[in-house]
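Chain residues, written in single-letter form:
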Amino acid sequence: MYLAILTLPLLSAAVAGFLGRKVGTTGSHLITCSSLVLTALLAFVAFYEVGLCQSPVSIKLMSWIDSEFMLVSWGFNYDSLTVSMLLPVLIVSALVHIYSTSYMGEDPHNQRFFSYLSMFTFFMLMLVTGDNYLVMFIGWEGVGISSYLLINFWFTRLQANKAAIKALVMNRVGDWGFSIGLWAIFWTFGNLDFTTVFSLAPFMNEELITVISICLLIAAMGKSAQIGLHTWLPDAMEGPTPVSALIHAATMVTAGVYLLLRSSPILEYGSTILIIITWVGALTAFFAATTGLLQNDLKRVIAYSTCSQLGYMVFACGLSNYSIGIFHLVNHAFFKALLFLSAGAVIHALNDEQDMRKMGGLVNLLPFTYTMILIGSLSLMALPFLTGFYSKDLILEVAFGQYLFTGNVAYWLGTISAVFTAFYSLRLLALTFLTYPNGPRINYLGTHEAPFIMAVPLVLLAIMSIFFGYVTKDLFIGVGTNFWGNSLFVHPNHVSLIEAEFAIPTFYKLLPLMGSLFGGGLALVLYHVFPLFTISLTENTLGRTLYRFLNQKYWFDNIYNNLILSKLLNFGYTTNKTLDRGVIELVGPYGLVNVFKNASTKITTLDTGFIPSYAMYIFSGLIVFITLIFYVGDPRLFLLLLWAVLLLPSKKTA
Amino acid sequence: MSDAPEMKATQKQMADARIPLEYRDYCAHLLIPLNKCRGETFYLPWKCENERHSYEKCQYEDYKRRMRVLDKARLAEEDA
């Protein structure tokens, strides 16, 4: 069964991809959807057996690298952390497959799309089930490639091409960190297996642990779109909306967080890295929340929201509260997939319109979609007692409960981000559904609710967004829960859950909630009740500058393009011209071939057909031979001289 | 540690019950039945209320005790 979880998505991807013409559109739908639904059901069984019954499973398929110095095998490990990841990955993937049968129904390349989706799921499963860093890395790269292919699915669109390349390149920075981290781990521990590495981690030098952890953090920052390496995520919204829901909200972007969670036995022994992780996460949460405030593209608002929530997960890891990090990861997967798929329903209904300034008034036309987005938004805002509340609120509490400077910074940045989260969520609802219709009439004429096949995933995700957090809170984050076994490691000195529970003043516990209600209310007032006042805010210099700053995403793209990318491009051009095509061509294989070719040409010029010349050659040869024998100590010197003369560059006579 | 309560759960009991390392403290004897109950009831939040309440009360009392110790240490440091 455990191998079937891996192989079913792979087989369905292969069938839909390679036999697409044979099975047709409907065939590919049936094969991929049934495989993924079956895999999701198997994931529930795995969750029961491994998580609830405390029976981890380890599978060694075969040896992969056996060089005596390095031993790596194709091994898969199912522990509580893995099965907890399987739930969001496979549930959301199965639902997105089902949703896409309708959403992408009119597309001429359905087989390719479903093949990519299943392939992505397979690699994601490989990432979370691998029992060593190298297998995990294969999954890591696989999801990166799948992401590229899916963002670029509509490959005739220039923006999609650019976004896909950008995603790949930005992720490559993270992958670079991961690969150096792999070498650092191997160099330090002599092995890449989780069991070996984690067993040895307590005995290692803290500086080494910090170096390894920094590499892993860079990897996580790339994949999980943390500040500095985040710019690809909003642009990745150029891909089809189901892709955004599956890859850029629920699953792939959480791979970085998963890497940190999985590496908890390493991170816990590096106190510096925990502080760095907390700062990175908190700054990302704040930065992305502020940027999301004034975006006008429906999907980009949700993308920045994803970025912000990933920041929460990362700083939960930095605070050594890994169980809360994974809890928020799972919860977030459900309500964010709901938000994206609902956004897809809106876009679908409005002739692919994504600009919120051209929407409005849809509450009467799309009441079901409105309800779904409302549920997702309220859960995202961490309103009691929805799913998001149980994880997000606790992350802020444990941050405060640390009573350290870093924890306080994380708490305040996280709390302010929570206010902004509520603001942009309600702004999205107001602009899209509540305010007056602002779009062209033609968009509204064909407006229709999502068909049944698209509605079913939304309803299931809505149920998860409401109840999942409450039902599983004791399992994931109950004080002293033994659910995690040894899949997550917290150093006994880093426990702050008790303090978070008992020591925080009520004011600080309630502040995020109060802030969220205030932020949400303010958005409704500004965008629904007094929209003209909001517009007037940008009529002065300060307002306009602030609007531009946030709308242009802190100028990150401009800074990267002007200060880094242009210089790198120039550098690349120079190295290409002077090194690749210059020196390397001269002394490399191409140059060597040229030398022999020229030498041959030169030798052929001796063949003139004139008898006295040949006599001259023979006579000269005889003289040289005699000289060689009598005067040169080592005859090899002569041969070398002869070759040197022949190889001298000469003007071609022909 | 001054006025530290008695450590009731043994290492073996805690290991057998797979109590997480960071929770092998003075309240671990109450965590053992709580986790047993949790496992039997699939960790549902509306189950095992008595066990959970006892455990959390113990943690709360222990937290207050630790704070008292910390206060004493701070006072001693200020006096010195």
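Along each chain, residues carry numbers from 1 onward, in the same order as the chain's sequence is written. Ligands are numbered from 1 and chains lettered from A, in the order in which they are written. Where totals are concerned, whole chains, interfaces and linings use all residues; where local detail is concerned, this predicted model gives features only for residues with pLDDT of at least 70, and gives and counts side-chain atom pairs only at 80 or more.

**Student:** It is not clear to me how the overall build of chain B should be interpreted in this structure. Could you clarify?
**Tutor:** Starting at the N terminus, helices and strands are each numbered in turn, a helix being any DSSP run of H or I of at least four residues and a strand any DSSP run of E of at least two. Looking only at helices and strands, one finds 3 helices and 0 strands in chain B. Taken from N to C terminus, the helices and strands of chain B fall in the order α-α-α. For chain B, the spread of C-alpha atoms along the principal axes amounts to about 55 × 30 × 15 Å. Every C-beta atom is placed from the backbone, and the number of other C-beta atoms within 10 Å of a residue's own sets its class: buried at 20 or more, exposed at 12 or fewer, partly exposed in between. Sorting the 80 residues of chain B into buried and exposed places 24% on the buried side. We call two residues in contact when their backbone-placed C-beta atoms lie within 7 Å. Counting only contacts in chain B whose residues sit at least 6 apart along the sequence, the fraction spanning at least 24 positions is 33%.

**Student:** Got a minute to help me understand the overall build of chain A in this structure?
**Tutor:** Helices and strands together make up the secondary structure of chain A, namely 28 helices and 2 strands. With respect to the principal axes defined by its C-alpha atoms, chain A has extents near 105 × 65 × 60 Å. Counting all 654 residues of chain A, 51% fall into the buried class. For chain A, contacts bridging at least 24 residues in sequence account for 80% of all contacts bridging at least 6.

**Student:** Help me understand the packing of helix α17 (residues 387-401) of chain A against helix α18 (residues 405-434) of chain A, please; the structure alone is not making it clear to me.
**Tutor:** Any two packed helices are characterised by how steeply their axes cross, that is the angle between the axes, and by the distance between the axes. Residues and elements named next belong to chain A. Direction vectors running N to C along α17 and α18 enclose 150°, while the axes themselves pass 7 Å from each other. Relative to α18, α17 is oriented roughly antiparallel. Where α17 crosses over α18, the handedness of that crossing is left-handed. On α18, the residues touching Ile395, Leu396, Ala399 and Phe400 of α17 are Gly407, Asn408, Ala410, Tyr411, Gly414 and Thr415. Under the scheme applied here, ten amino acids are nonpolar (Ala, Val, Leu, Ile, Met, Phe, Trp, Tyr, Cys and Pro), four are charged (Asp, Glu, Lys and Arg), and all others, including Gly, are polar. When the residues that make up the contact of α17 with α18 are grouped by side-chain class, the tally is 6 nonpolar, 4 polar and no charged. What counts as an axis is a line fitted to C-alpha atoms, over the stretch in contact for a helix, and the angles between N-to-C directions run from 0 to 180 degrees. Orientation labels follow simple angle bins: below 35 degrees gives roughly parallel, above 145 gives roughly antiparallel, 65 to 115 gives roughly perpendicular, and whatever is left gives oblique. Working rule for handedness: look at the near helix, and if it is turned counterclockwise from the far one by less than a right angle, call the crossing left-handed; if clockwise, right-handed.

**Student:** Explanation requested: the UniProt feature "domain: NADH dehydrogenase subunit 5 C-terminal" (unreviewed entry) in chain A in the structure shown.
**Tutor:** Mapped onto this structure's residue numbering, the UniProt feature "domain: NADH dehydrogenase subunit 5 C-terminal" (unreviewed entry) falls at residues 502-628 of chain A. Counted over residues 502-628 of chain A, helix gives 85% and strand 0%. Its end C-alpha atoms are 98 Å apart. UniProt positions are given in the numbering used here, feature names are shortened, and annotations may be inferred rather than shown by experiment.

**Student:** It is not clear to me how the domain arrangement of chain A should be interpreted in this structure. Could you clarify?
**Tutor:** It is common to report an interface's size as the accessible area lost on association of the parts. All names here are of chain A. These domain limits were set by an automatic method or by a database of domain assignments. The assigned domain composition of chain A is domain 1 (2-551), domain 2 (554-587) and domain 3 (590-654). Taken together, the 4 residues of domain 1 in the interface contact 4 residues of domain 2. Counted by class, the side of domain 1 that touches domain 2 contains 2 nonpolar, 2 polar and no charged residues.

**Student:** Help me understand the pairing of strand β1 (residues 57-66) of chain A in this model?
**Tutor:** Regular strands show a simple pattern: their side chains alternate between the two faces of the sheet. Residue and element names in this part refer to chain A. The buried fraction of β1 amounts to 0 of the 10 residues, a small share that puts the element mostly on the outside. By this definition, two strands are paired if DSSP reports at least two bridges between them. Both β1 and strand β2 (residues 71-78) contribute to a ladder of 8 bridges, which runs antiparallel. Paired with Asp66 across the two strands is Leu71, which belongs to β2.

**Student:** Which parts of the structure should I look at to understand the nonpolar core?
**Tutor:** Soluble, globular proteins show a tendency: their nonpolar side chains are buried together. To form a nonpolar core, buried Ala, Val, Leu, Ile, Met, Phe, Trp, Tyr and Cys residues must be joined through C-beta atoms within 7 Å. Counting 205 residues, the largest nonpolar core has Val257, Leu260, Val314, Phe315, Ala337 and Leu338 of chain A as the members making the most contacts within it. The element best represented in this core is helix α15 (residues 322-349) of chain A, accounting for 18 residues. Setting aside residues up to four positions removed in sequence, Leu338 of chain A forms contacts with Met372, Ile375, Gly376, Leu458, Leu461, Ala462 and Ser465 of chain A. Cys27, Leu30, Ile32 and Tyr55 of chain B belong to the second-largest nonpolar core, a separate cluster that totals 11 residues.

**Student:** Would you take a moment to explain the UniProt feature "signal peptide" (unreviewed entry) in chain A for this structure?
**Tutor:** Here, UniProt's "signal peptide" (unreviewed entry) annotation points to residues 1-17 of chain A. When the span residues 1-17 of chain A is considered, its composition is 94% helix and 0% strand, and the gap between its end C-alpha atoms is 24 Å.

**Student:** How do you make sense of unusual backbone geometry when you look at a structure like this?
**Tutor:** If a residue is not glycine, its phi is most likely negative; likewise, a peptide bond is most likely trans. All names here are of chain A. Phe385 follows Pro384 through a cis peptide bond whose omega is -5°. Structurally, the position occupied by Phe385 is in the loop between α16 (367-380) and α17. One non-glycine residue, Asp352, lies in the positive phi region at around 65°. With respect to the helices and strands, the residue Asp352 is situated in the loop between α15 and α16.

**Student:** Whenever I open this one, the interface of chain A and chain B confuses me. Can you help?
**Tutor:** Taken together, the contact between chain A and chain B spans 20 residues of the former and 19 residues of the latter. Only α20 (452-477) and α21 (497-502) of chain A provide two or more residues apiece to the side of chain A that touches chain B. No other element matches α20 of chain A, which puts 5 residues into the side of chain A that touches chain B. Partitioning the side of chain A that touches chain B into residue classes produces 12 nonpolar, 6 polar and 2 charged.

**Student:** Any chance you could explain helix α13 (residues 271-292) of chain A here in plain terms?
**Tutor:** An α-helix turns once every 3.6 residues. As a result, residues three or four positions apart point the same way. Given the number of residues in a helix, its expected span is that number minus one, multiplied by 1.5 Å. Between its first and last C-alpha, α13 of chain A extends 32 Å over 22 residues, near the 32 Å set by a 1.5 Å rise per residue. Buried residues dominate α13 of chain A, accounting for 17 of its 22 residues.

**Student:** Please clarify how the environment of Phe76 of chain A should be interpreted in this entry.
**Tutor:** Residue and element names in this part refer to chain A. Structurally, Phe76 can be placed in strand β2. Judged by the 23 C-beta atoms lying within 10 Å of it, Phe76 falls in the buried class. Separated by 448 residues in sequence, Phe76 and Leu524 have C-alpha atoms that sit 49 Å apart. Ignoring any residue separated from it by four or fewer positions in sequence, one finds Phe76 in contact with Leu6, Ile59, Thr129, Gly130 and Asp131.

**Student:** Where do I start with the environment of Gly485 of chain A in this structure?
**Tutor:** Looking at the element boundaries, Gly485 of chain A is found in the loop between α20 and α21. Under the C-beta neighbour-count criterion, Gly485 of chain A is labelled partly exposed, with 16 such atoms within 10 Å. With near-sequence residues (within four places) excluded, Gly485 of chain A lies in contact with Gln54, Pro56, Asp79 and Ser80 of chain A together with Arg18 of chain B.

**Student:** I'm lost on the packing of α13 of chain A against helix α14 (residues 298-318) of chain A in this one. Help?
**Tutor:** Residues and elements named next belong to chain A. Running from N to C, α13 and α14 cross one another at 160°; their axes reach a closest spacing of 7 Å. Relative to α14, the element α13 is oriented roughly antiparallel. Taken as a pair, α13 and α14 cross one another with a handedness that is left-handed. For the pair formed by α13 and α14, the contact residues are Leu274, Ile277, Thr278, Val280, Gly281, Ala282, Thr284, Ala285, Ala288, Ala289, Thr291 and Gly292 on the first element and Val301, Tyr304, Ser305, Cys307, Ser308, Leu310, Gly311, Tyr312, Val314, Phe315, Cys317 and Gly318 on the second. Tallied by class, the residues present in the contact of α13 with α14 amount to 15 nonpolar, 9 polar and no charged.

**Student:** Any chance you could explain the confidence of the model for chain B here in plain terms?
**Tutor:** Where the model shows low pLDDT, its predicted coordinates should not be examined in detail. Confidence per residue, as judged by the predictor, is encoded in pLDDT with a range of 0 to 100. Mean pLDDT over chain B: 91, with 98% of residues reaching 70 or higher. Mean pLDDT values over the elements of chain B span from 92, in helix α3 (residues 49-79) of chain B, up to 94, in helix α2 (residues 28-40) of chain B.

**Student:** Sorry if this is basic, but what is going on with the environment of Ala9 of chain B here?
**Tutor:** All names here are of chain B. Assignment of secondary structure puts Ala9 in the segment before α1 (11-16). Among the residues examined, Ala9 registers 19 C-beta atoms within 10 Å and is labelled partly exposed. Here the alpha-carbon distance between Ala9 and Ala28, two residues 19 residues apart in the chain, equals 6.1 Å. For Ala9, the residues in contact, after removing those within four places along its chain, are Met14, Ala28, His29 and Ile32.

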